[in-house]
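Here are the chains, one letter per residue:
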Amino acid sequence: MKPHALLAVLAALLLLPAQAADMNKVLRVALNAPETGFDPAKVSDLYSSTVTENIFDPLVTYDYLARPAKLIPNTVNALPAISADGKVYTFRLKPGIHFAADPAFKGKRRELTAADYAYSIKRHLDPAIHSPWSFLVDGRFVGGNELVKAAGKGALNYDAPLEGIRVLDKYTLQLTLTETNFNFLPILAMPAFGAVAREVIEANRDNTNAHPVGTGPYLLKEWKPGSRIVLEANPGFRKLVFNATPGNDPVDKAVVQALQGKTLPQVGRIEISVIEEEQPLWLSFLNRQLDISGIPQVALQSALVIDPKNPLKVRLTDQYARQGIQLQRQLLPEITFHFFNMQDPVVGGDSKDRIALRRAIAMSFPVSEAIAGIRRGQAVPMNYIVPAGVAGHNPAFRGAPKYDPAAANALLDRFGYRIGSDGYRTRPDGKPLSIELACGTSSTDKQWNEYWQKTFDTLKIRLSFRQGKWNELSKANHQGKLQMWGMAWGADYPDGENFMQLLYGRNAGDSNAADFKNADYDRLFEASLKLPHGPARNQLYDAMNKIAVAQQPWIFGDIRMRSTLAHRHVKGLKLHPLLGTSWRYLDLQK
Amino acid sequence: MPHTSAPPPAAPHHHNSLTRIGWRRLRRDRIGFAALCIVGAYLLLALAAWSGLVASHWQDEVAHPYAPPTLFAGSAPHHLELNAADIDAADRRATSAAALDGSGATGLSADEDPLAADMAAAQQQAAQYRGAEQTRADSLPLGADQRGRDVLQKLLQGSATSLQVGIAGALLALGIGTVLGALSGYFGGLLDDLLMWGYSVFTSVPDMLLLLAFAAVSGRGIGTVVLVMAFTSWTGTFRLMRAEFIKHKGREYVRAADAIGAGHARRMFHHILPNVSHLLLVQFSMLTVALIKYEAILSFLGFGVGVTQVSWGAMLAEAPAELLQGYWWQMLAVTLCMSLLVTAFSLLSDSLRDALDPKVK
Amino acid sequence: MLAYIVRRVWQMVPTLFGVMLLLFVLFNWVGGDPSYILAGKNLSAEALAGIRQQLGLDLPLPQQFLIFVKQVLTLDFGTSWSTQQPVSALLHSRIGPSLLLTGSILLLGTVLAIGIAALVAYLHGSLTDRLVTLIATCAMSVSALVYIIAGQYWLAFKCGWFPIMGWSDSTLDNLLHYLPLPLLLGVIVGLAPDIRFYRSCFVEELGHDYVRTARAKGLSEPVIMLKHVLRNAMIPVVTSLMMSLPYLMMGAMLLETFFGIPGMGKEVVMAVERSDFPVIKAITIYIALATMLFNLLTDIVYKLIDPRVQLH
């Protein structure tokens, strides 16, 4: 190397922030389903978010170790000041945070400002973008509706003043909400609300999904859609040193021991493969072609020693424990349930005989047996609309009716669902009774269907399955053509409102897939929106849960326990209920 | 796509004599005859399963989940298999522990439940519906699956379904191919151009797409599987039959039929068809083999039969999950059972082709 | 010859039109509505209508078909609906792995199958012949699914002879490291039926009069086998080979899924799953074109193998 070239390199090194990431440390992980892209305002699937969360910085984020999850400042100096009426949120950005280099910046270093956040949030309102997250911001900000209306079907005017999203100075952002809401902050911690730079978006207008440029710890190095994604440490990432005091938790202690005082991120390169089949996924992990992996359903038995007294109490089998594999567990902040179409002439409606039909089906579905057989005990029955780990959960509430198919049969008898000469029940008016259940086509769907078949067989009700792709079924449901369908809802943000809104009448046909319309429920829900998380709101949530249990628009399913494995050389791992990945906190010691 | 090849062209013969000669030759061919017997045995078994004489209770949960085959009860993997009671007990403990005032779980109270009175009454009347708890076996001749169902019973029932699917699919494909091929070859001209156009379009579109598209329209189940297979497999027969009909329509015996006033339909299906039927027989047995294997792949892709039915494909689709846990018996049983039939069917096709080849004296 | 090729190419136009029509009807009827995927959790009527408008799904069907015709003429299928990546770039990255996998399976499989088939045909009627035929028959009776599942489990995982799965950017790395196991399994699945078919072609040829004439002339057996029999038997062999090529592209789908190979088969299943019509259109049109070209090539190869063949 010539002397002046060497000098240039040295100079460059001095200009850059101290980058700690070691490019030789390569983390290999897998996604279970293909991603769709990396524009935070365009993607909503879990798999794309695991990547965008590492490229873009939201205003606030979660503490890595604290449980229950705790919001902390990310690119701001402190959590925002919230006005007494719960409407005005004011954020002060940290100066000196820069975007990763990109040709759109024309060789200059581009600092992150409040205007970037204003732009990034407004993008979710833009009718031309069709953000899948627009329901989180629609009508939320003062003047937002007017601005959207002015845009019609075209692009939003980003330069027009907007009362609800104001840039007070270079580093100060003020959000003004239309309604009192003390629970808005978790929404802003979602990866969807990370900061993008307007120049980059405009320079790559046709293909923003492939050009994610943010201020986060990683940048996109390579993307083969549906097959392989490679991230590399962002050399311009701000200096972030890990500093935490561990409690008594042994995992916390191990994390602090591995990371204390180290600059983040440590891993230089992350190689993400998309592996949809369970066999290659599991065998790849065992063969050390992957560093971290979930345990596929089929391997739970061979990987875990499960205590039959308490199936959630498990340890790793000796064979894997000896290899130094680490096991971490996490109850997912999500619920699974089957809903009835409440507008359907057979299963819907609020007359007593319809409630009895729905109740009888709920009483005959063997949730516990399915958890034992399909989930291998690695799930708990769902008993409350808000799952554990989300603000507003009530662990003492039992919402699922007791499994009792005999009593369910007797209940149907009482309401005139008589058994006909062919051995199947008829409707109270004597018409034949047959129920259609929508379902997917995977092998897991088939396993569940076997339990459903059993349920309806014991009730002597004819059952047919309507198999289809997710979007076909979703469309059919939108048009009111389904009778029953199963869904899972994961927390977008850890607040009960995200779950309770699933039965809110005004969301019928949207997120309220059951088309449930109950005036009492709606009144309670609207009252709960104005309250911060606390006993007063919990009381309303209990009352709403009772309505859902009494009317039975849903059959409560289960809540899954996620088991994640990592090989011995992976250090600093702790599962987080809301952060999709821990990559920026990991270190590899080969 | 079932891989079929056209047998050598045949000279016109009277069909009865050819069939008789063929049968005599087949009787002499020991391998062919043995294969015929095996295929026959499977057909009988399938009929028995279909009519409910055997394996009608394949859905009963008669053993513990994944109970091993009796002979290998000692060496099979012994994982703990949880049951519903374990989950219930854990769940009850968790909710009671969480009740803040120590009074136990809360929930919907009787005065808040619109059905409270009926629920209480139903409890009283439930006795008539309570059945006795069944005892479950620890091992079965061929082991059990995840729900504790007998693999042997599933295998028998699955054979019936798979044979039914294979034969029905082959017949349908053969029917479409023969009728269209006959029309195309016999009449020629514009009709031929049109059908050849359809043929080339169908062969140019990848099977996988046709499959996904057909499956989406017609729902799931045996009917769909048969339709999908027929729609994607008729092209080979079409080409073969078209060529044969072109060849035969100019032959003397057809012209003689014309002279005595036989109509087109009569000439096509009464005179020509019997003379090419030996080709159809061979084509049929090859297609059946191909479709039985095709069904396995379809099931794996999620287009198989529903939960009230079982097929070899449906059983094989469970294999990857079981193999990872060390439960090998279902996969082995299906593979052996399927191989035997498919091998016998293939050998039978070979023998049929030889036996019905008019050139061999 | 040239006139013949021109005529044949001209005949492809109506076929291609038919393929487009079939595809268009099929997927407008049953393809599913992509707006429900793109809308994510936001299923409001306005959001869905907006997405449909953006994708051009609100245009009248004839107009949509005209756009399709234009896309085929320019071979520019726009961008994928689900990832918004240019379809051409997507296919470009998928075709290499597909060709490498299927090409090597075809090459190795054919060489092995012809060799073994010629050998057993030569020993026609002997014990070896019967044994090989029987083994091949048994081998082809096992589902491809079983070979793949068991092969990955035992050969890669239990024995550790191969990596479980993966694919790299370097062809050499793929050839040495990632390709061997899927190649082996692909060859095993295809070999048995090929051997049986080629053997019957060779046996058929051996029974012809010209072989007897050649023998009578005192030509040695290897010369007869290589110069006469192989040459004549090549016609059905080449046909079956050429016909299987386009199907192989799709047929390797299971191998691609289990071994993480980013090929066309996996792509098309994913596209159907996501109702990603531009990708489906592009792949189908390219495969249809390939099928038609290979048909033409087959006929030309006939002519080269056997000058007596008349081209119509």
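Refer to the structure above for everything that follows.
Rules behind the numbers
Residues numbered from 1 in each chain as written. Chains lettered and ligands numbered in written order. Predicted model: local features only at pLDDT ≥ 70, side-chain atom pairs only at ≥ 80, totals over all residues. Heavy atoms only, no water. Phe/Tyr/Trp six-rings, centres within 6.5 Å; stacked < 30°, edge-to-face > 60°. Helix = DSSP H or I, 4+ residues; strand = E, 2+ residues; numbered from the N terminus. Buried < 20%, exposed > 50% of the residue type's maximum accessible area, 1.4 Å probe, protein only. Lys NZ or Arg CZ within 6 Å of the ring centre and 35° of its normal. Salt bridge = Lys/Arg side-chain N within 4 Å of Asp/Glu carboxyl O. Contact = heavy atoms within 4.5 Å. Buried area = accessible area lost by both parts, 1.4 Å probe. Polar contact = N/O pair within 3.5 Å; in protein donor to acceptor, adjacent residues only side chain to side chain. Pairing = 2+ DSSP bridges. Axes fitted to C-alpha atoms, helices over the stretch in contact; angles between N-to-C directions. Core = buried A, V, L, I, M, F, W, Y, C linked by side-chain atoms within 4.5 Å. Disulfide = S-S within 2.5 Å.

Looking now at the packing of aromatic side chains. One pass over the structure, following the stated rule, counts 39 aromatic pairs over all chains. Ring geometry for Tyr66 of chain B against Tyr327 of chain B: centres 3.9 Å apart, planes inclined by 15 degrees, an arrangement best described as stacked. Separated by 261 residues along the polypeptide, Tyr66 of chain B in the loop between helix H2 (30-50) and helix H3 (84-98) and Tyr327 of chain B in the loop between helix H12 (319-324) and helix H13 (329-355) bring together distant segments of the chain. Take Tyr66 of chain B and Tyr327 of chain B: they sit in the same class, and that class is buried. A connected cluster of aromatic rings, assembled from ring pairs, spans Tyr66, Phe72, Tyr327, Trp328 and Trp329 of chain B. The cationic tip of Arg147 of chain B hangs over the ring face of Tyr451 of chain A; the distance from NZ or CZ to the ring centre is 5.2 Å. Looking at Lys281 of chain C, its charged tip hangs above the ring of Phe277 of chain C, at a distance of 4.8 Å from the centre.

The next thing to look at is the pattern of salt bridges. Oppositely charged side chains are able to pair whenever their charged atoms sit close together. Residues and elements named next belong to chain A. Evaluation of the coordinates by the stated rule reveals 50 salt bridges over all chains. A salt bridge links Arg315 to Asp318; its shortest N-O distance comes to 3.4 Å. Classification of Arg315 by relative accessible area gives partly exposed; the value is 47%. Given the relative accessible area of 46%, Asp318 is considered partly exposed. Salt-bridge contacts for Arg425 lead to Asp413; the nearest nitrogen and oxygen are separated by 2.8 Å. Here Asp413 lies in helix H14 (residues 405-414) and Arg425 lies in the loop between H14 and strand E18 (434-439), a separation of 12 residues in the sequence.

Before going further, it helps to examine the interface of chain A and chain B. Taken residue by residue, the interface counts 58 residues in chain A and 52 residues in chain B. Of all residues in chain A, the largest losses of buried area upon contact with chain B belong to Arg398, Arg414 and Glu450 of chain A, amounting jointly to 12% of the total for that side. Seen at the junction of chain A and chain B, the total is 8 salt bridges. Between Asp113 of chain B and Arg359 of chain A there is a salt bridge, with the nearest N and O atoms lying 3.0 Å from each other. Across the contact surface, chain A and chain B share 16 residue pairs in polar contact (both at pLDDT 80 or more).

Residues and elements named next belong to chain A. In spatial order, the strands read E1-E10-E9-E8; together these 4 strands make up an open sheet with mixed pairing. Two strands close off the open sheet at either side, each with one partner strand: strand E1 (22-31) and strand E8 (218-224). When strand polarity is set aside, the average angle formed by the axes of neighbouring strands in this sheet is 20 degrees. Across 6 bridges, the pairing between E8 and strand E9 (residues 228-233) is antiparallel. Considered in E9, the bridge of Leu220 is made with Leu231.

If you look at the biggest cluster of nonpolar residues, it comprises 237 residues, and the most contacted ones within it are Trp282 and Ile361 of chain A together with Phe202 of chain C. If near-sequence neighbours (up to four positions away) are discounted, Phe202 of chain C is found in contact with Ile114, Ala117, Ala118, Ala121, Val229, Leu230 and Ala233 of chain C. Formed by 87 residues, the second largest nonpolar core is a distinct cluster that contains Leu65, Leu112, Val137 and Val213 of chain A.

The next thing to look at is the state of the cysteines. Enumeration according to the criterion identifies 0 disulfides over all chains in this entry. Cys337 of chain B carries a free sulfur, and the closest cysteine sulfur to it, the one in Cys138 of chain C, is 14 Å from it. Under the relative-accessibility criterion, Cys337 of chain B is labelled buried at 14%.

Here we take up the side chain of Asn275 of chain B. Residue and element names in this part refer to chain B. Its location among the elements puts Asn275 in helix H10 (residues 264-300). Owing to a relative accessible area of 9%, Asn275 belongs among the buried residues under this scheme. At a separation of 3.1 Å, a polar atom in the side chain of Asn275 contacts the side chain of Tyr253.

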